[in-house]
Amino acid sequence: QVQLVESGGGLVQAGGSLRLSCAASGRTFSTYAVGWFRQASGKEREFVAAISRIGWSTKLSDSVKGRFTISRDNAKNTVYLQMNYLKPEDTAVYYCAAGSSVVLSTVQSEYDYWGQGTQVTVSS
């Protein structure tokens, strides 16, 4: 069992930066790949980024490539999403998810555990 807690969201102006954290419970965190997804108001939840178990491989959606970076520190049981050059269209609730059998998956149903989400609002 893994519990995930996101933090770091908030209100930022366009062009600014935020770093989201996804803190996990449990001593087997390094056996889980992690993904970030987001859901804007009135829209479906979409894939943002994913990172492999050790952190050697990552995947980013085209909409955030070049602006966002995903990383992890397994010693701290934490995955980070560094978001730079934020745009108003990045406004959404951001969720992290963990999966034991996924490899950089963009498919939500393949993840086993989800956090409650953190709100990111980017003003123009």
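This text gives an overview of the structure that appears in the document. Position numbers for residues start from 1 in each chain and track the written sequence from start to end. This being a predicted model, a pLDDT of at least 70 is required before a residue's local features are given, and a value of 80 or more before pairs of side-chain atoms are given or counted; all residues contribute to the totals for chains, interfaces and linings. With hydrogens and water excluded, all non-hydrogen atoms of the structure serve as input to the side-chain values.

1. A short note on the sheet that holds strand β1 (residues 4–7)
Then comes step 1: DSSP-based pairing: two strands are paired if at least 2 bridges between them are found. Each helix is a run of H or I in the DSSP string that is no shorter than four residues. Each strand is a run of E no shorter than two, and both are numbered from the N terminus. Reading across the sheet, the four strands line up as β1-β3-β8-β7 and stay open at both edges, with antiparallel pairing between neighbours. The sheet is open, and its two edges are formed by β1 and β7 (68–73), each paired on a single side. Between one strand and the next, the sheet's axes are offset by a mean angle of 15°, whatever the strand orientation.
Then comes step 2: In the sheet, β1 pairs with strand β3 (residues 18–24) via four bridges, with the strands oriented antiparallel. Bridge pairing links Leu4 to Ala24 in β3. Between N-to-C directions, angles span 0 to 180 degrees; the directions come from axes that are lines fitted to C-alpha atoms, helices contributing only their stretch in contact.

2. Observations regarding the environment of Thr121
Then comes step 1: Relative to the helices and strands, Thr121 is located in strand β11 (residues 118–123).
Then comes step 2: Here the alpha-carbon distance between Thr121 and Thr91, two residues 30 residues apart in the chain, equals 4.6 Å.
Then comes step 3: Apart from residues lying up to four places away in sequence, Thr121 is in contact with Gly10, Leu11, Val12 and Thr91.
Then comes step 4: In protein, a polar contact requires one atom able to donate a hydrogen and another able to accept it; more generally it is a pair of N or O atoms within 3.5 Å, and residues adjacent in sequence count only if both atoms are side-chain atoms. Of note is the side chain of Thr121, whose polar atom sits 3.3 Å from the side chain of Gln119. Here, residues are in contact when the closest pair of their heavy atoms is within 4.5 Å.

3. Some details on the packing of aromatic side chains
Then comes step 1: A pair of aromatic rings is counted whenever rings of Phe, Tyr or Trp (Trp by its six-membered ring) have centres within 6.5 Å, and the orientation is called stacked for planes under 30 degrees apart, edge-to-face for over 60 and tilted otherwise. In the structure shown here, the tally under the stated rule is five aromatic pairs.
Then comes step 2: A ring pair is formed by Phe37 and Tyr111, whose centres lie 5.4 Å apart and whose planes are at 80°; its orientation type is edge-to-face. Of this pair, Phe37 sits in strand β4 (residues 33–39) while Tyr111 sits in the loop between β9 (92–99) and β10 (113–114), and the two are 74 residues apart along the sequence.
Then comes step 3: These aromatic residues form a ring-pair network of at least three members: Phe37, Phe47, Tyr111 and Trp114.

4. Considering the side chain of Asp90
Then comes step 1: Take Asp90: it is sitting in the loop between β8 (78–83) and β9.
Then comes step 2: A distance of 2.8 Å separates the side chain of Asp90 from the backbone nitrogen of Lys87, its partner in a polar contact.
Then comes step 3: In this view, Asp90 contacts Arg38, Arg67, Phe68, Tyr85, Val120 and Val122; residues no more than four positions away in its chain are not counted.

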